[in-house]
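Understanding the architecture of this molecule
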Amino acid sequence: MPREIDWTDSEEIGIQLQEKFPDLDPYTVRFTDLHQYVTELPGFVGDPAKSNEGILEAIQTAWHEEYEDAK
């Protein structure tokens, strides 16, 4: 079973999103889509209503770092 992750686990979420969407530039993803991608990750246990713009920005930045590292 995957490790449980929540909204504050931006680095782990970024890694998982990069693995799931390796060719997708995170900075082209709308926050509404990003929210959906995160809530659908295996092991995600966070309350979907508990996200906000700051949390999504942190996740997007962590994902972008993984994206750049993978290039």
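These lines cover the structure that appears in this document, whether it is placed above or below. (Residues numbered from 1 in each chain as written. Predicted model: local features only at pLDDT ≥ 70, side-chain atom pairs only at ≥ 80, totals over all residues. Heavy atoms only, no water.)

Their axes nearest at 10 Å, the elements helix 2 (residues 31-39) and helix 3 (residues 53-70) cross at an angle of 75°. Judged on the interaxial angle alone, helix 3 and helix 2 are roughly perpendicular. For the pair helix 2 and helix 3, contact is made by F31, L34, H35, Y37 and V38 and by E53, L56, E57, I59, Q60 and W63, respectively. (Axes fitted to C-alpha atoms, helices over the stretch in contact; angles between N-to-C directions. Helix = DSSP H or I, 4+ residues; strand = E, 2+ residues; numbered from the N terminus. Parallel < 35°, antiparallel > 145°, perpendicular 65-115°, else oblique. Contact = heavy atoms within 4.5 Å.)

Another point: the packing of helix 1 (residues 10-20) against helix 3. At a minimum axis separation of 8 Å, helix 1 and helix 3 run at an interaxial angle of 50°. Relative to helix 3, helix 1 is oriented oblique. The handedness of the crossing between helix 1 and helix 3 comes out as right-handed. The residues of helix 3 that touch helix 1, namely those facing S10, E11, I13, G14, I15, L17 and Q18, are A58, I59, A62, W63, E66, Y67 and A70. (Left-handed = near helix turned anticlockwise from the far one by under 90°.)

Read these as layout, nothing more, since geometry by itself doesn't imply function.
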